[in-house]
Amino acid sequence: MGFLDEEYLLNSESAKQLYEEIRDLPILDPHSHVDVEAVAQNDGWNDIWEVEGATDHYVWELMRKRGVPERKITGSASNHEKWLALANVFPEFAGNPTYEWIHLDLKRRFGIEKPISAETAEEIWTETKTALEAPEMCQQTLLEEMNVAVISSTDDPTSDLQYHQQLEDDLNDVTVRPTWRPDTALKIEQAEWTDYVRNLGAATNTETGDLEGFLTALQVSHDYFDDHGCGASDHGLPTVTTKPVSEKRAAAIYDRAYAGEQLTAADVTDFKAFVLEEIGEMNRETDWVTQFHIGSVRDYRDSLYDDLGSDAGGDVSTQNVELTENLEYFLNEFDSDLEVVLYTLDPTHYPTISSIARAFPNVSVGAAWWFNDSPLGISNQLEYVATVDLLANHAGMVSDSRKLLSFDSRFEMFRRTLADTVGGMVEQGQIPQDVATELVQTVAYDRPATLWDF
C-alpha cells in the first residue's frame, strides 16, 4: 500500500468494494464552521497558506508543538514565511490526521502528490499559487467540484443571514444551510452577557430587559432562521444539566444578572437548564434537530487566550462530565418528539451515549468529534456504536471544519474508514457483503439525508 494510494485505509477486498459504492456519493455536511461570507464573495485564495493554515487551529497547535514561533503561525510573518515554517516541520506531523488531510487536499485539488517538506516547500508554494489564479479555483466552484450537496454553517441568533440569502441565488447545486447556535445567550455567568442580550434585542427588534423579552427575542430569531432554511440548533456544552426549572425562578435569575448582580453556581445551572428546555420546545414546533456538543473546555491555555482570543488552539477535552443523570430530564421530556444528536469529546463517554441512543429511538450518536476525527477515532466509535446501538442509526459524518478544502478530505477519510470497518466485519464472517453494502450507503448518505431533512 503506497502513501494515499487507492488502497489508503482499505485493508481488505471487502473494504475496497464497499468504498467503491460510497466514494462518489454527494457530501451532506450537517455541522461545519464554513465562512459563508467568503463563499458568497467567491474570491478564492492568494496562496496555499490561506488555503491550509490561516484559519486552522489544528495546524497552529501542531506547529507550536514543533517549536515554530507564534510570529510564523498567527503573527506578523508573511504567508510565504508561514508556509515555509509549516513545511519545515510537516514531516513531524506524521501519524496525526492533519498530515493526511492536507496531503489529500494537495492531491485531490491541485494534483500534487509530493510529500510536504522543507525540500518541496518552494515548489509546492509556486505550483499552488499558479493554480489558485485560475477562475475555477474559487469557493463556489470547488464546493461543486467536491460534490458538496449540502453544507451547514454555524450562526449566532443575531445573524441576519445576509450571505445565506445571497447564496440561495448564486448556487444551483449546493445548499448552504444556517444552524442556530445560541451558546452566548446562555452564558449568563459571563460579563459580556448583558451586552449580548441587548444586541439580541436590537437584532430582533425586541426589548430584552426581562426574561419574557429575552425569550421572545430568541423565538423571533428562531422563526427567522426557520424561514431561511435552518433545520437544526447546536449547543456547545462543557457540561450539561437538564432539569425542571420554573419560569419564576428563571426570571428572578435573569433580573439579577441583567442588573449586574453576582450569581451563584446554582443560578447559572438553573438558568441554562430552563433555556435549554425552552429551546427544545421551539425545536419541537419546527421539527429541528437538536445537537449537543459536550465536553470541551474552551480557552484552557491562558496565555493563548490573552494574546489571541478564542479559537486559537487552546481548547481541551474533559472526562469530568456526568451524562446519564444530567440528560435524563431533557430526553424524557422530548421522548419521540425531537431528534437529538449527542457528540462527546471524550471517547470514554461513548458507552453512555450509545446506550442512551439505544434506549431512545429519537437520539443518535454524532460523528467522532474534534480530537477523535482520525481513522483510529472514527473506527473505534463506529465499532462501538455498531455493537451497542445500531450503526444504521449513526448520525453520519460532519466536517466540523473552518477550512473549505478539508470538507472533501475529511469526508473521504470517514468514508474510507467506514468501508474498512464494515469490510472487516464482512471478512470476519459477521455480515454478508450485500448487507454491508446497504449499511455503508445508509451511514454515508441515506441516514444523514433523512435525519437532517436534506
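Structure's up top.
Conventions we followed
Residues numbered from 1 in each chain as written. Predicted model: local features only at pLDDT ≥ 70, side-chain atom pairs only at ≥ 80, totals over all residues. Heavy atoms only, no water. Helix = DSSP H or I, 4+ residues; strand = E, 2+ residues; numbered from the N terminus. Buried < 20%, exposed > 50% of the residue type's maximum accessible area, 1.4 Å probe, protein only. Lys, Arg positive; Asp, Glu negative; His and termini not counted. Charge placed at Lys NZ, Arg CZ, Asp CG, Glu CD. Pairing = 2+ DSSP bridges. Axes fitted to C-alpha atoms, helices over the stretch in contact; angles between N-to-C directions. Contact = heavy atoms within 4.5 Å. Parallel < 35°, antiparallel > 145°, perpendicular 65-115°, else oblique. Left-handed = near helix turned anticlockwise from the far one by under 90°. Nonpolar A, V, L, I, M, F, W, Y, C, P; charged D, E, K, R; others polar. Salt bridge = Lys/Arg side-chain N within 4 Å of Asp/Glu carboxyl O. Phe/Tyr/Trp six-rings, centres within 6.5 Å; stacked < 30°, edge-to-face > 60°. Lys NZ or Arg CZ within 6 Å of the ring centre and 35° of its normal. Polar contact = N/O pair within 3.5 Å; in protein donor to acceptor, adjacent residues only side chain to side chain. Patch = residues over 30% accessible without salt bridge, like charges linked within 9 Å, V, L, I, M, F, W, Y side chains within 5 Å. Areas by Shrake-Rupley, 256 points an atom, 1.4 Å probe, with all protein chains shown as cover. Arc of directions from axis to C-beta.

1. Quick word on the overall build of the protein chain
Of regular secondary structure, the protein chain possesses 20 helices and nine strands. Principal axes of the C-alpha set define a box for the protein chain whose edges measure 65 × 55 × 45 Å. A burial count over the protein chain gives 55% of its 454 residues as buried. Across the protein chain, the mean location of the 32 positive side-chain charges is 6 Å away from that of the 84 negative side-chain charges.

2. Side note on the sheet that holds strand β5 (residues 289–294)
The parallel open sheet is built from four strands, whose spatial order is β4-β5-β8-β9. Edge positions in the open sheet fall to β4 (232–237) and β9 (363–365), since each of these has one partner strand only. Ignoring strand direction, the axes of neighbouring strands in this sheet form an average angle of 20°. As paired strands, strand β8 (residues 340–344) and β9 are joined by three bridges and run parallel to one another. Each bridged residue has a counterpart across the sheet, and for Val 341 the counterpart in β9 is Ser 364. Across the sheet, helix α17 (residues 350–359) lies against β8 and β9, angled at about 145° from β9, the strand it touches most.

3. Looking at the packing of helix α18 (residues 375–388) against helix α19 (residues 406–427)
Axis separation between α18 and α19 bottoms out at 9 Å; the angle between their running directions is 45°. Classified by the angle between their axes, α18 and α19 sit oblique to one another. Of the two elements, α18 crosses α19, and the hand of that crossing is right-handed. Only Met 413, Phe 414, Thr 417, Leu 418, Thr 421 and Met 425 of α19 make contact with α18, whose side of the interface consists of Pro 375, Ile 378, Ser 379, Leu 382, Glu 383 and Ala 386. For the contact of α18 with α19, the residue count by class is eight nonpolar, three polar and one charged.

4. Points about the pattern of salt bridges
Taken as a whole and judged by the stated rule, the model has 30 salt bridges. Here Lys 114 makes a salt bridge to Glu 127, at a shortest N to O gap of 2.9 Å. You can see Lys 114 sitting in the loop between α6 (97–110) and α7 (121–132) and its partner Glu 127 sitting in helix α7, a full 13 residues away along the chain. A relative accessible area of 23% means that Lys 114 is categorised as partly exposed.

5. Focus: the side chain of Asp 155
In this fold, Asp 155 is placed in the loop between β2 (148–152) and α9 (162–170). Put simply, Asp 155 is tucked away with no salt bridge, and the nearest opposite charge, on Arg 177, sits 9.6 Å away.

6. Some words on the environment of Gln 441
Tracing the backbone shows Gln 441 in helix α20 (residues 433–451). For Gln 441, the contacting residues outside a window of four places in its chain are Glu 21, Ile 22, Leu 25 and Asp 446.

7. Regarding the sheet that holds strand β1 (residues 27–29)
Pairing is parallel in the open sheet, where three strands are placed in the order β1-β2-β3. Pairing within the sheet leaves two strands with one partner each, and these edge strands are β1 and β3 (175–177). Pairwise comparison of adjacent strand axes, ignoring direction, gives a mean angle of 10° for this sheet. One ladder, built from three bridges, connects β1 with β2; its direction is parallel. Across the sheet, residue Leu 28 finds its bridge partner in β2, namely Val 150. Sheet strands in contact with α19 are β1 and β2, and its direction is about 105° off that of β1.

8. Some points on the packing of aromatic side chains
In the structure shown here, the tally under the stated rule is 16 aromatic pairs. A ring pair is formed by Phe 214 and Phe 271, whose centres lie 5.9 Å apart and whose planes are at 40°; its orientation type is tilted. Here Phe 214, found in helix α12 (residues 211–227), pairs with Phe 271, found in helix α14 (residues 265–286); they are 57 residues apart in sequence, far enough to count as distant. We note that Phe 214, like Phe 271, is buried. Among the aromatic residues, those joined into a ring-pair cluster are Trp 193, Phe 214, Tyr 254, Tyr 258 and Phe 271. Stacked on the ring of Trp 101, the Lys or Arg Arg 410 has its end atom at 4.1 Å from the ring centre.

9. Topic: the packing of helix α1 (residues 13–22) against α20
When two helices pack together, their arrangement is captured by the angle between the axes and the distance separating the axes. Contact geometry of α1 with α20 gives a least axis separation of 9 Å together with a crossing angle of 45°. In this view, α1 runs oblique relative to α20, as classed from their interaxial angle. Handedness of the α1/α20 crossing: right-handed. Here Ser 14, Gln 17, Leu 18, Glu 21 and Ile 22 of α1 come into contact with α20, specifically with Gln 433, Ala 436, Thr 437, Val 440, Gln 441 and Ala 444. A per-class count over the contact of α1 with α20 returns five nonpolar, five polar and one charged.

10. Overview of the pairing of β2
Extensive coverage of β2 is indicated by the burial of four of its five residues. The sheet contact formed by β2 and β3 spans three bridges and is parallel. Its bridge partner lying in β3, Ile 151 is registered against Val 176.

11. Quick look at the side chain of Arg 109
For Arg 109, the position within the fold is in helix α6. In this structure the side chain of Arg 109 is engaged in a polar contact, spanning 3.0 Å, whose partner is the side chain of Glu 145. A distance of 2.4 Å separates polar atoms of two side chains, one belonging to Arg 109 and the other to Asp 408. Those residues in contact with Arg 109 that sit more than four places away from it in its chain are Leu 104, Met 137, Leu 142, Glu 145, Met 146, Leu 405 and Asp 408.

12. Quick word on a negative patch on the surface
Among the surface-exposed residues, Glu 207, Asp 210, Glu 212, Glu 247 and Asp 255 lie close enough to one another that they form a single negatively charged patch. Summarising the element assignment, Glu 207 is placed in the loop between α11 (193–204) and α12.

13. Quick look at α1
Here α1 has its buried residues at Ser 14, Ala 15, Leu 18, Tyr 19 and Ile 22. One side of α1 holds all its buried residues, which, seen down the axis, span an arc of 130°.

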